[in-house]
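A closer look at the structure
Read off the chains here:
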Amino acid sequence: MAMRVLIVEDEMTIAFMVEDMLTDLGHDVVEVAMRLPEALEAARGVDIDFAILDVNLDGLRSFPVADILAERAIPFAFATGYGVAGIDEAYRGTPVLAKPFMLDDLRRLVARIVGECRPPHIQ
Amino acid sequence: MGSAANDLQFDGDFPIHGGQLGQLIRDHDWAATSIGPLEDWPQSLKSVTQMLLLSPVPIVLLWGEDGIMIYNDAYSGFAGGRHPDLLGSKVREGWGEISDFNDHVMREGLAGRTLAYRNQELALQRRGRLEPVWMDLDYSPVLDENGRPAGVIAIVVETTDKVLTQQRLVESERRFRALTHASSDIIYRMSPDWNEMRQLDGRSFLADTDSPTIAWMSDYLLPEDRPHMQAAIDEAVRHVRPFQQEHRVRQADGSVGWVFSRAVPMTDEDGRIVEWFGAATDITERRRTNAHLRLVINELNHRVKNTLAMVQAIAMRTFRDAPSFEHAQEQFGARLVALAEANDLLTGERWAGASLRSAIERAMRPHQEDAARVALDGEDVRISPKTALALALAIHELSTNAVKYGAWSGEEGLVSIDWRVEQGRLHMRWRETGGPAVAPPTRRGFGSRLIERGLAGELGGRVSLQFEAEGVRCVIDAPMTFVAPD
């Protein structure tokens, strides 16, 4: 089932790779946000099924974006080179993709976050 | 000694008893000396000789002008290898190495005067070589039957061991003082149970404690560290072994610092602790540096991971788009070089920001064969590392295209880059002229996507890429956070 996805990633090359990977998996990338302001706006207003968030956006943390998504009950995962240690206490349970990652890692992650959160999201 | 005195038998023999020396004196050929045979000795000489032979104190009698030597067992111990030759010898000859000293003694004594020396140092040869010897020396005249001085009696108590021990102690004390002064460490002394701090020399890092205090914990430690410190102290006291801790301290200026502290117990003969002596090193700066280093390493690790993800992204895209494997290989290599170049630029600037002009120049350098075919125009500004990296990758893509299809593909073409900064926005143009006529590409590749969407996204601005017949044009309009130079 095709999902509508938001990608928040400040490195353009990586953003495009994740976009390509998700497209290959049959999903629909509706927005790629590379900076915090654009990411916040997208998290607030764009109709999406889940999101993948880079933790560090040119020195700024993406946790405010996560806050909005959590409030909207939109599932998400972090993609980071920092590992779990770089994740805010409040989001310790959130799935984490360690960079760099493979297509299969992404496939499993999407299955997991969508599976986990589907009941409340679909109602 | 008391019982020996009771056993004295006066049978007319002289001298009686007196141990080894008593025997030697009885057997000696006194007729060969200036004193004369034993049976002719005056009563005064006999009395003094008998007296010294019965004494446990080292005593020597120097009789007559020559100072003929008569001594007891205790003195023979002092004389070492010089005994028994000394017996009956003239003192100036018997102790030839100090004849001047003894000459003085004889003249003073025979003149009826006493002499007293404390810890007198003389060089004596008792074990085959000259060595310093310290003695307490007491000389007094001995009177003959006519009441005239006829000899000198000397009590000789050697103090060499005492003096040397004292000297070593003074030296050790001096060395210890030098050590504590030479060290930049904080030095402290604690009572056996650590309840009381006796003294602390804080070296201006900590406040000094000059008189004993039981409030030292609240003076120097942080309340939350006290239970932990107390446990470490109790452990050291219980096992009588060195105390060693790295812990926080309240510095003299009130701020919190760190020390590495080590104290050793000083014990008495029974193994009981009499005091703890300790030294503490200020490691505040070292800990700060270590913490900073850990931070830098974590950050570096993250950047490496991120860079690897970028390499992965570039590889995937390059190999997917390429018309042939060889083409992909070449393109991938070139893109990695561009990434490495940009990275160099950033590490050169310690990741704190880079010069816009050098970012452009370095990104173009691998592609441009002739410096005359590039025109740069704009005031140099410092841009953030991330902006520099994004621009460098975009310029690499534009340059690659210029070499293959654009201004740099022929003999004549020129690439002009100009920029200006206005109201916090960067306006930048890439223009190619003089190359072959440009036809818009049938398919937009990774390069175009990187420039149009990627750069625009990263900069949060607009980027347009136009394939005009005259040459490629790329226009950037983006807000900029400029970095102030260090």
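What you are looking at is a predicted structure, and each value in this text was computed from that prediction instead of being measured.

**Re the pairing of strand S17 (residues 471-479) of chain B**
Residue and element names in this part refer to chain B. In this sheet, S17 lies alongside strand S15 (residues 425-433) in antiparallel orientation, the contact comprising seven bridges. Note on S17: the bridge partner recorded for Leu426 is Ala478. Linking strand S16 (residues 462-468) back to S17 in an antiparallel pair, the connection comprises two residues.

**Quick word on unusual backbone geometry**
In the segment running from A:Lys99 into A:Pro100, the intervening peptide bond is cis, with an omega of -10 degrees. Tracing the chain through its elements places A:Pro100 in the loop between strand S7 (96-98) and helix H4 (103-122). In the Ramachandran plot, B:His17 falls in the positive-phi region, its phi being about 50 degrees despite a non-glycine side chain. Within the secondary structure, B:His17 is located in the loop between helix H1 (2-6) and helix H2 (19-27). One non-glycine residue, B:Gln423, lies in the positive phi region at around 50 degrees. If you trace the backbone, B:Gln423 turns up in the loop between strand S14 (414-422) and S15. Residue classification places B:Gln423 among the exposed residues on the basis of 5 C-beta atoms within 10 Å.

**A look at the interface of chain B and chain A**
Each partner contributes to the interface: chain B provides 21 residues, whereas chain A provides 18 residues. Listing elements by their share of the side of chain B that touches chain A, those giving two or more residues are helix H10 (284-321), helix H13 (385-404) and helix H14 (446-459) of chain B. A per-element tally of the side of chain B that touches chain A places H10(B) first, with eleven residues. Looking at the side of chain B that touches chain A residue by residue, the classes come out as nine nonpolar, seven polar and five charged.

**Here we look at the nonpolar core**
Within soluble globular proteins, side chains that are nonpolar generally end up buried alongside one another. Counting 80 residues, the largest nonpolar core has A:Ala51, A:Leu53, B:Ala392 and B:Leu455 as its most contacted members. The leading source of residues in this core is H13(B), at ten residues. Ignoring sequence-local partners within four residues, the contact set of B:Leu455 consists of A:Met12, B:Ala390, B:Ala394, B:Leu450, B:Val463 and B:Ile476. Judged by nonpolar contacts, the second largest core, of 33 residues, contains B:Ile25, B:Leu52, B:Met69 and B:Tyr75.

**A closer look at the sheet that holds strand S2 (residues 68-71) of chain B**
Residues and elements named next belong to chain B. Taken together, the five strands give an open sheet; going across it, the order is S2-S1-S5-S4-S3, and neighbouring strands pair in antiparallel fashion. On the outer flanks of this sheet lie S2 and strand S3 (115-125), each paired with one strand and no other. The mean angle between the axes of side-by-side strands here comes to 35 degrees, regardless of whether they run parallel or antiparallel. Relative to strand S5 (residues 149-158), strand S1 (residues 59-63) runs antiparallel, the two being bridged by five bridges. Residue pairing for S5: Ile59 is matched across the bridge by Ile155. Running at roughly 130 degrees to S5, helix H6 (residues 99-110) makes contact with S1, S3, strand S4 (130-143) and S5 of the sheet.

**What to know about the packing of helix H1 (residues 12-24) of chain A against H14(B)**
At a minimum axis distance of 9 Å, the contact between H1(A) and H14(B) shows a crossing angle of 115 degrees. As the angle between them shows, H1(A) and H14(B) are arranged roughly perpendicular. Here the hand of the crossing between H1(A) and H14(B) comes out right-handed. Residue-level contacts link A:Met12, A:Ala15 and A:Phe16 of H1(A) to B:Arg449, B:Leu450, B:Gly454, B:Leu455, B:Gly457 and B:Glu458 of H14(B). Looking at the contact of H1(A) with H14(B) residue by residue, the class counts come to five nonpolar, two polar and two charged.

Rules behind the numbers
- Residues numbered from 1 in each chain as written.
- Chains lettered and ligands numbered in written order.
- Predicted model: local features only at pLDDT ≥ 70, side-chain atom pairs only at ≥ 80, totals over all residues.
- Pairing = 2+ DSSP bridges.
- Helix = DSSP H or I, 4+ residues; strand = E, 2+ residues; numbered from the N terminus.
- Buried ≥ 20, exposed ≤ 12 C-beta atoms within 10 Å, placed from the backbone.
- Contact = placed C-beta atoms within 7 Å.
- Nonpolar A, V, L, I, M, F, W, Y, C, P; charged D, E, K, R; others polar.
- Core = buried A, V, L, I, M, F, W, Y, C linked by C-beta atoms within 7 Å.
- Axes fitted to C-alpha atoms, helices over the stretch in contact; angles between N-to-C directions.
- Parallel < 35°, antiparallel > 145°, perpendicular 65-115°, else oblique.
- Left-handed = near helix turned anticlockwise from the far one by under 90°.

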